[in-house]
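# Summary of the model geometry
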Amino acid sequence: RKVTILWSLPGQRAKYRRKPLSILTSLLGDEGPKSVLSILKARGLATALSASKHTDTKNFCMVKVGISVTKLGFQEYPKVLQVLFDYINMLHRIPPSDWKRISEEEQILRNIMFRFKNKAKPYNYCYSLARNLHYYDPKDVLSGGYLIHTCPDAQSIQELLGYLTIENAMIQLIAKDVPLDPERTQTEPYYNTLFTTEKISPDLVKQLKGDDAKGTTSAPNGSTTTTTSSSSSTSQGPYYLAIPPPNVFLPRDFSIKPQDKAYDTKE
């Protein structure tokens, strides 16, 4: 069972040296305390979550959040969406200093990933480099998909956040035992998959927008309270959600220390 949310954004290929979208998807896919996934797991609504750039062309790209939900999470999918959009609304209130810190940490992680990446099979590696010639400057063909050369500013990330709204979203509910209305059921022509489409209900849109209108916010213990968005949030958003704290375990020095002569077996 899966709940998948897709958003359409402007194409991001030209921003590959700064990768603001990668900063955003890394936060949405976080698995630490007070992340979307940790809250959904605690409530018995989901077991896994991934966030990534789904498609990227010169004109548009797609951002995809895929959530593997439990039976309860599928039945009560609006609660799953509520946590996700509460987190997105919280990200709008992150100060520039936090965006700077998060971007620098992602930059370090990508440097490590590129520097110590495993060797690829020659055929696959040549294929990927030839493809990269269409996307990156020649000097960046090897590293364009990995490195963040210049950390994106907070404004560029906030601009992307502006597209992650419920009005701009396509929500997919995927399961083997979904009850379908026979009068509205369609058949996918290639794999004969049965599906239906419908507009997102206005009530759900209002609930997830996170404006000044009243909405429902669930506490971590599963209780439900009705509050306004401003009164149910701290300066950084709903109290039960938070961005990752500073990563104190990020390595920055990879120099090899000289061997202690006391352990030199050659002597």
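Only a predicted model underlies this, so the values are computations on that prediction, with no experimental measurement involved.

Another point: the packing of helix α1 (residues 20-28) against helix α4 (residues 77-91). Axis separation between α1 and α4 bottoms out at 11 Å; the angle between their running directions is 135°. Overall, the two elements α1 and α4 adopt an arrangement that is oblique. When you trace α1 past α4, the crossing you get is right-handed. Together, Leu24, Leu27 and Leu28 of α1 and Leu84, Tyr87, Ile88 and Leu91 of α4 make up the contact between the two elements. Its residues assigned to classes, the contact of α1 with α4 shows seven nonpolar, no polar and no charged.

The next thing to look at is unusual backbone geometry. Of note, Lys19 is a non-glycine position whose phi angle comes to about 55°, a positive value. Inspection of the secondary structure assignment puts Lys19 in the loop between β1 (2-10) and α1. By relative accessible area, which is 9% here, Lys19 ends up buried. Its identity is not glycine, yet Asn192 carries a phi of approximately 60°, on the positive side. Mapped onto the secondary structure, Asn192 falls in the loop between β5 (186-187) and β6 (194-195). Its relative accessible area of 56% is what places Asn192 among the exposed residues.

Of all hydrophobic cores here, the largest spans 49 residues; its most connected members are Trp7, Leu24, Leu28, Ile67, Tyr87, Leu91 and Trp99. In terms of residues, this core owes the most to one element, α4, which gives nine residues.

If you trace the four strands from one edge of the open sheet to the other, you get β2-β3-β1-β4, paired in antiparallel fashion. The sheet is open, and its two edges are formed by β2 (46-56) and β4 (169-174), each paired on a single side. Recorded for the sheet is a direction-independent mean angle of 15° between the axes of neighbouring strands. By the bridge criterion, six bridges tie β1 to β4 in an arrangement that is antiparallel. Considered in β4, the bridge of Leu6 is made with Met170. Taken strand by strand, α1 contacts β1, β2 and β3 (60-69), and its axis lies near 165° from that of β2.

According to the stated counting rule, one finds eight salt bridges in the structure shown. Two residues, Glu105 and Arg101, come together in a salt bridge whose shortest N-O distance is 3.5 Å. Taken together, the residues span about one helical turn, with Glu105 and Arg101 both in helix α5 (residues 96-115) at a distance of four residues. A relative accessible area of 18% means that Arg101 is categorised as buried. Here Glu167 ties to Lys209 by a salt bridge, and the two come within 3.5 Å at their closest N and O atoms. On the criterion of sequence distance, the pair formed by Glu167 in the loop between α7 (154-161) and β4 and Lys209 in the loop between α8 (202-208) and β7 (215-218) is long-range, its members being 42 residues apart. Using a relative accessible area of 48% as the deciding quantity, one classes Glu167 as partly exposed.

This paragraph deals with the confidence of the model for the protein. Confidence along the protein averages 87 in pLDDT terms, with 87% of residues attaining 70 or more. In this model, residues 212-237 is a region of pLDDT below 50 whose contacts with residues beyond four sequence positions or in other chains number 44 contacts.

Calculation rules
Residues numbered from 1 in each chain as written. Predicted model: local features only at pLDDT ≥ 70, side-chain atom pairs only at ≥ 80, totals over all residues. Heavy atoms only, no water. Axes fitted to C-alpha atoms, helices over the stretch in contact; angles between N-to-C directions. Helix = DSSP H or I, 4+ residues; strand = E, 2+ residues; numbered from the N terminus. Parallel < 35°, antiparallel > 145°, perpendicular 65-115°, else oblique. Left-handed = near helix turned anticlockwise from the far one by under 90°. Contact = heavy atoms within 4.5 Å. Nonpolar A, V, L, I, M, F, W, Y, C, P; charged D, E, K, R; others polar. Buried < 20%, exposed > 50% of the residue type's maximum accessible area, 1.4 Å probe, protein only. Core = buried A, V, L, I, M, F, W, Y, C linked by side-chain atoms within 4.5 Å. Pairing = 2+ DSSP bridges. Salt bridge = Lys/Arg side-chain N within 4 Å of Asp/Glu carboxyl O. pLDDT = per-residue confidence, 0-100.

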